[in-house]
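# Per-entry structural report
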Amino acid sequence: MSEVPHFVLYEHAAGYALMKIKEFEDAGLIVQEVDAAHADGYKFSQIVELKAFDPFKNTEAALENCNSISEGLAHPDLTNFLQKELPKKKKHVVLGINDSKLAGSLTEAFPDLKLVFGGVITEILRGTRVHFERLAKDLPHHSLSKAQLSLGHSYSRSKVKFDVHRVDNMVIQSIALLDQLDKDINLFGMRIREWYSYHYPELFRLAPDQYKYSRLAVAILDRNKMAENENLENEILEILDNDAEKTAQIIEAARTSMGMDISDLDLENIKRFAARVASLMEYRQQLHEYIKDRMDHCAPSLSALIGEQVGARLISHAGSLTNLAKYPASTVQILGAEKALFRALKTRSNTPKYGLLFHSSFIGKAGTKNKGRVSRYLANKCSIAARVDCFSETPVSTYGEFLRQQVEDRLEYFTSGTVPKKNIDVMKEAEEAAVEVKEKVIKKKKKAAKKAKRLAEEMSAGAAEAEVDEEAPKPKKKKKSKAGDE
């Protein structure tokens, strides 16, 4: 059972409150008294009373204090308030607080102060929260609820805007969309092949690529009317990357095809569907380039080590780059194989050697006996790369390139026995090489910021000139006199 506190710190949205607790001879009595007084505000006010209240200066100060408390840090406003309101001799003073994380920073500020939390403190704070309007009679009650609402909105807004993971949330959504597109494109590609094969079945063998097949289906469409399209051969040449031999085979096969005739309405629907499938494939390529660009900004070292797609899947499975950086290498190794792991633990069989890392090219290069070793070594390097990317102020791909070379050297060691360099030597070389790259990146960012600032100034100046022109009075036309008309 926790010790009976003399004071309890209560953090309200409007400010800090220091509650004084009635003295009890036995610590067991206070628990019974507090439990009995929860429903009755008068009884509770006999146990707990408001000693001091320090309101926040404004909404910004309230948000700053709220962020500090959520991170377990004592804000200067809090330390000044406690220094002023607590007794000068704090050696035998017991202060109750809500969060154990806050105890560390308060102990540094007040070494003689004894801090307690949990147990009866939680019940006292719960009762204080319920009956605070009765305890703080001098404060306007309507402002307390408004302060809570305002601080709640400000805190939520700041958490949404403050993105410590850089742009990894965009990477997570993009890689999920890419995986979904791959499934849909395979399904739609199979459907268009089955549909168009009724009319031209030989095209499936001559054009196995889905994208080229869809475009060829749109270009040829009705093989009986190929002679009407004079540019058909040039279109097929463009689709097949100027392969004249393949173009001749496709045209000849279309003339002698065994396929059935299809009505114009059916061909029109096939054309629309094939055009949609081709556009989906083009968008899939654009999305891949977008993921590559986002990964170069978010996790360049991880992307350089195992590729942007595998790196993006690791980040997506972990939930964020920060979560991935916190994982040990053993967790990274089997990330994505959780079902197989628990099944192996349940049946007491061999645990999986790799999860998402199986899609890396290094696992394919390794021999059957060495796949587990390479997976463990690669997971170790992925963990290092994720931490470098997450906690670097200016992340660059240099570390990932050196880590990739280390994995390749380890593969060479397994095959030929060539001893690779030590990790400490490689990391020193990477750190030296990264300095120059970071300087270039910083210079590019400064140039881009200056250019953006200049464009913004030009746009604002142009808008101001346009407003001046609109406000300027138009010159009145002079009326001609009658004498002048005569």
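Rules of the game
Residues numbered from 1 in each chain as written. Predicted model: local features only at pLDDT ≥ 70, side-chain atom pairs only at ≥ 80, totals over all residues. Heavy atoms only, no water. Helix = DSSP H or I, 4+ residues; strand = E, 2+ residues; numbered from the N terminus. Rg over C-alpha atoms; globule rule 2.2 N^0.38 Å. Buried < 20%, exposed > 50% of the residue type's maximum accessible area, 1.4 Å probe, protein only. Contact = heavy atoms within 4.5 Å. Areas by Shrake-Rupley, 256 points an atom, 1.4 Å probe, with all protein chains shown as cover. Lys, Arg positive; Asp, Glu negative; His and termini not counted. Charge placed at Lys NZ, Arg CZ, Asp CG, Glu CD. Domains from an automatic or database assignment. Pairing = 2+ DSSP bridges. Axes fitted to C-alpha atoms, helices over the stretch in contact; angles between N-to-C directions. Parallel < 35°, antiparallel > 145°, perpendicular 65-115°, else oblique. Left-handed = near helix turned anticlockwise from the far one by under 90°. Nonpolar A, V, L, I, M, F, W, Y, C, P; charged D, E, K, R; others polar. Salt bridge = Lys/Arg side-chain N within 4 Å of Asp/Glu carboxyl O. Core = buried A, V, L, I, M, F, W, Y, C linked by side-chain atoms within 4.5 Å. Expected span 1.5 Å × (residues − 1). UniProt positions renumbered as here; feature names shortened; annotations may be inferred. pLDDT = per-residue confidence, 0-100. Arc of directions from axis to C-beta. 1 Å grid on protein atoms, 1.4 Å probe; cavity = no way out; pocket = protein on both sides within 12 Å on 5 of 7 lines; lining within 4 Å. Points joined across faces, edges and corners; volume = space filled by probe spheres on them.

## Describing the overall build of the protein chain
Along its length, the protein chain carries 24 helices and 5 strands. Computed over C-alpha atoms, the radius of gyration of the protein chain comes to 36 Å, more than 25% over the 23 Å expected from 2.2 N^0.38 for 486 residues, which places it beyond the range of a compact globule. Principal axes of the C-alpha set define a box for the protein chain whose edges measure 115 × 105 × 50 Å. Expressed as a percentage of its 486 residues, the buried residues of the protein chain come to 39%. A separation of at least 24 residues holds for 66% of the contacts in the protein chain among residues at least 6 apart in sequence. Summed over its atoms, the accessible surface of the protein chain is roughly 29800 Å², and 52% of this surface lies on carbon and sulfur atoms. Each charge sign in the protein chain was given a centre, from 74 positive and 70 negative side chains, and these centres are 4 Å apart.

## Let's talk about the domain arrangement of the protein chain
Domain assignment breaks the protein chain into domain 1 (7-160), domain 2 (169-290) and domain 3 (299-444). Summarising the inter-unit geometry, the C-alpha centres of domain 1 and domain 3 are found 46 Å apart.

## Points about the pairing of strand 1 (residues 7-12)
With 5 of 6 residues buried, strand 1 is to be regarded as a mostly interior element. The pairing of strand 1 with strand 2 (residues 15-21) spans 6 bridges and is antiparallel. Directly across from Leu9, in strand 2, lies its bridge partner Leu18. Between strand 1 and strand 2, which follow one another and run antiparallel, lie 2 residues.

## With respect to the packing of helix 9 (residues 168-196) against helix 16 (residues 308-318)
Orientation of helix 9 relative to helix 16, taken along the N-to-C sense of each, is 110 degrees, at an axis distance of 9 Å. With respect to their mutual orientation, helix 9 and helix 16 come out roughly perpendicular. Helix-helix and strand crossings are classified by hand; for helix 9 and helix 16 the assignment is left-handed. Of helix 16, the residues touching helix 9 (which contributes Asp168, Val171, Ile172, Ile175, Leu178 and Asp179) are Gln309, Ala312, Arg313, Ile315 and Ser316. Here the residues of the contact of helix 9 with helix 16 are counted per class, giving 6 nonpolar, 2 polar and 3 charged.

## Focus on the environment of Thr351
With respect to the helices and strands, Thr351 occurs in the loop between helix 19 (338-347) and helix 20 (361-365). Separated by 82 residues in the primary sequence, Thr351 and Asn269 place their C-alpha atoms 50 Å from one another. Excluding residues that lie within four positions of it along the chain, Thr351 makes contacts with Leu341, Ala344 and Leu345.

## Comments concerning the pattern of salt bridges
Taken as a whole, this structure holds 11 salt bridges when the rule is applied. Here Arg313 and Asp179 are joined by a salt bridge, their closest N and O atoms 2.5 Å apart. Taken together, the positions of Arg313 in helix 16 and Asp179 in helix 9 put the pair 134 residues apart, joining distant regions of the chain. A relative accessible area of 24% means that Asp179 is categorised as partly exposed. Glu408 is the partner of Arg404 in a salt bridge, and the nearest nitrogen-oxygen pair spans 3.7 Å. With Arg404 and Glu408 both in helix 22 (residues 398-416), this residue pair falls 4 residues apart, about one helical turn.

## As for the nonpolar core
Counting residues in hydrophobic clusters, the biggest one holds 48 residues, and the most contacted among them are Leu9, Val48, Leu82, Leu95, Ile97, Leu106 and Ile124. At 5 residues, strand 2 tops the list of elements feeding residues into this core. Ranked by size, the runner-up nonpolar core spans 41 residues in total, among them Val171, Cys298, Ala379 and Ala385.

## Some thoughts on helix 22
In a regular helix each residue adds 1.5 Å, so 19 residues correspond to 27 Å; helix 22 covers 27 Å between its end C-alpha atoms and thus fits that length. For helix 22, every residue scored as buried is listed here: Thr398, Tyr399, Gly400, Leu403, Gln406, Val407 and Leu411.

## Topic: the UniProt feature "domain: Nop" (unreviewed entry) in the protein chain
Following the UniProt record, the feature "domain: Nop" (unreviewed entry) maps to residues 298-416 here. This span, residues 298-416, is 71% helix and 0% strand, and a straight line between its end C-alpha atoms measures 36 Å.

## Describing the confidence of the model for the protein chain
Per-chain confidence: the protein chain averages 85 in pLDDT, with 92% of residues scoring 70 or above. Across residues 481-486 the pLDDT falls below 50, and counting only partners more than four positions away or on other chains, this stretch makes 1 contact in the model.

## A closer look at helix 12 (residues 232-239)
What helix 12 keeps buried is the set Leu232, Ile236, Leu237 and Ile239. An end-on view of helix 12 places all buried positions within 165 degrees of arc, on one side of the element. Contacts made by the buried residues of helix 12 are with helix 11 (210-220) and helix 13 (244-255). A positive phi of about 60 degrees marks Asp241, the residue just after helix 12.

## Examining the layout of surface pockets
In this structure, the largest pocket spans a volume of roughly 410 Å³. As for the largest pocket, its lining consists of 18 residues, and the residues nearest its centre are Glu11, His12, Ala13, Cys66 and Leu151. Counted by class, the lining of the largest pocket contains 9 nonpolar, 6 polar and 3 charged residues. In this structure, the second largest pocket encloses a volume near 270 Å³. What lines the second largest pocket is a set of 12 residues, among which Asp296, His297, Pro395, Val441 and Lys445 lie closest to the centre.

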